[in-house]
Amino acid sequence: MTTTSWKPTAKEIVEKAELFTSGHRACAGCGPAIALRQVMKATRGPTIVTNATGCMEVVSTIYPYTAWKVPWIHTAFENVAANASGIEAALKAMKRKGRLAHENIDVIAFAGDGGTFDIGIQALSGAVERGHDFLYVLYDNEAYMNTGIQRSGSTPHGASTTTSPAGRVIPGKLQYKKPIADIMVAHEIPYVATASIAYWQDLLVKARRGLETEGPAFMHIFTPCPRGWRYDTSKTIEIARLGVETCIFPLWETIDGEYNLSPQSKIFALKPERKKKISGYLKMQRRFKHLFRPKFKHVIDEIQHRVDERWNRLLKRCNMTQSD
Amino acid sequence: MNKTLKGWKDIPIAGVCWKPATQYLTGDWKTFKPIHDAEKCTKCLLCPMICPDSAIKWNQTNEEIEFDYDFCKGCGICANECPADAIKMVREGGE
């Protein structure tokens, strides 16, 4: 696979038409809405979007209004990848029969963490195994936010949600977050990337690479949610950036299975002393408030330990071990 | 009674959203309003990139940043992130 040389300038991007418009009814300071806007700015031509049930489906198409300027299909929680496969197969058949006016039409599937980590993983696994040519974008806000903040497979250890509440005995969610991007790498698909809304240029380039990939591409975007993570609406980008700086959400991509750290994370591999402690990241969010009680202090150390463990494993995969 | 029921050809096709969301103004949600200081602004174009509501626009003709208060929900991300400190949040409706 060839990597794109596309380097968007800010001016070029702001002058490009909005395909995901204003007037959607996401909460003030919504992280996923920023991710969708940025991904739609990276499209290269005619695009069909399909959206699993989730926050972004609900807020963007409240009858009779739609915030989409592209053909858009809503589907259930579990089958957005199956839907994207069908669209791609239909486009292929129409092209073969000479009934397609366009040279190329891109297919993007959007889903939240509930529709990917938990409910949609079977359809996703099947679609990438069949090798359909589409970009799957996971916007990860770490719980089922639109139904009332229930824990998902993506909710991090120690977070309090309505179905994993923190109490006197239990410090929020007991399990750890599923490493979904690594699971997708294990499917041996041509392109997997993680991105953060705090670094728009990196995100746009990765989205474009995903679209240009022949075959399935998967993108995991870190999108803080003010409502569910319980922080002030103005801090969305700050927390997204802190996620990268603490290495709880490192940015990397794999091209044909080869791991590559992105520059925003590489700096912490080269200068480990600049990597921030996880407690600052946890402190900003009230879903982790209980961890600062003396009783649960040890949970913060556990989280830090797990973050370091995963970070070191990633460095090994990228051939960037800290001892070098 | 059956005569009053509509047949399947008469009812609208299910779930087709036909009005653009830009007709639905979300600007009245806000408590705080961003005020842009053109003097301090370096036009780095970060704010239109990170606005969740596409409410910060780049005017190509006069090369200025413009706020669309019809859609701005007043989240304050732009004011928090502005590297030149050119955006301030003030309470809607004055003091």
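Now for a quick tour of the structure. (Residues numbered from 1 in each chain as written. Chains lettered and ligands numbered in written order. Predicted model: local features only at pLDDT ≥ 70, side-chain atom pairs only at ≥ 80, totals over all residues. Heavy atoms only, no water.)

## Quick look at the pattern of salt bridges
- Under the definition given, this model contains 19 salt bridges over all chains.
- The closest approach of N and O atoms between glutamate 63 of chain B and lysine 11 of chain A, which form a salt bridge, is 3.2 Å. With glutamate 63 of chain B in the loop between strand E3 (56–59) and strand E4 (64–67) and lysine 11 of chain A in helix H1 (residues 10–15), the pair connects residues from two separate chains.
- Look at lysine 11 of chain A and you get partly exposed, because its relative accessible area is 35%.
- Residue glutamate 142 of chain A is joined to lysine 177 of chain A by a salt bridge in which the shortest nitrogen-to-oxygen separation is 2.7 Å. Here glutamate 142 of chain A, found in the loop between strand E5 (135–140) and helix H7 (180–185), pairs with lysine 177 of chain A, found in the loop between E5 and H7; they are 35 residues apart in sequence, far enough to count as distant. Pair check on accessibility: glutamate 142 of chain A and lysine 177 of chain A agree, each one buried.
- Ionic contacts of the salt-bridge type, sharing partners, join the residues Asp140, Glu142, Lys177 and Arg287 of chain A into one network. (Salt bridge = Lys/Arg side-chain N within 4 Å of Asp/Glu carboxyl O. Helix = DSSP H or I, 4+ residues; strand = E, 2+ residues; numbered from the N terminus. Buried < 20%, exposed > 50% of the residue type's maximum accessible area, 1.4 Å probe, protein only.)

## Here we look at the interface of chain A and chain B
- At the junction of the two partners, chain A supplies 36 residues and chain B supplies 32 residues.
- Buried area between chain A and chain B, both sides added, is near 3000 Å², and the carbon and sulfur share of it is 59%.
- For the interface between chain A and chain B, the tally reads 2 salt bridges.
- Note that glutamate 81 of chain B is salt-bridged to arginine 241 of chain A, the shortest N-O span being 2.5 Å.
- Elements with a contribution of two residues or more to the side of chain A that touches chain B: H1, helix H2 (31–40), strand E2 (65–66) and helix H10 (236–245) of chain A.
- Tallying contributions element by element places H1 of chain A first for the side of chain A that touches chain B, with 5 residues.
- Residue composition of the side of chain A that touches chain B, grouped by class: 17 nonpolar, 11 polar and 8 charged.
- Bridging between E2 of chain A and strand E1 (residues 19–20) of chain B involves 2 bridges; their strand directions are parallel. In the strand pairing of E1 of chain B, tyrosine 65 of chain A is matched with lysine 19 of chain B. (Contact = heavy atoms within 4.5 Å. Buried area = accessible area lost by both parts, 1.4 Å probe. Nonpolar A, V, L, I, M, F, W, Y, C, P; charged D, E, K, R; others polar. Pairing = 2+ DSSP bridges.)

## Comments concerning H10 of chain A
Residue and element names in this part refer to chain A.
- Counted residue by residue, H10 has 8 buried out of 10 residues, so it is predominantly covered.
- Buried within H10 are the following residues: Thr236, Ile237, Ile239, Ala240, Leu242, Gly243, Val244 and Glu245.
- Directly beyond the C-terminal end of H10, a positive phi value near 65 degrees is found at cysteine 247.

## Some details on the packing of helix H4 (residues 80–96) of chain A against helix H6 (residues 121–130) of chain A
Residue and element names in this part refer to chain A.
- Interaxial distance between H4 and H6 falls to 7 Å at its minimum, and their mutual angle equals 30 degrees. Considering the angle they form, H4 stands roughly parallel to H6. From H4, Ala81, Ala82 and Ser85 reach across to H6, where they touch Ala123, Leu124, Ala127 and Arg130. (Axes fitted to C-alpha atoms, helices over the stretch in contact; angles between N-to-C directions. Parallel < 35°, antiparallel > 145°, perpendicular 65-115°, else oblique.)

## Some points on the side chain of histidine 24 of chain A
- Relative to the helices and strands, histidine 24 of chain A resides in the loop between H1 and H2.
- Histidine 24 of chain A sits in the buried class, given a relative accessible area of 0%.
- With residues near it in sequence (within four places) discarded, histidine 24 of chain A still touches Ala33, Val59, Ser60 and Ala67 of chain A together with Ala21, Thr26, Pro52, Asp53 and Lys73 of chain B.

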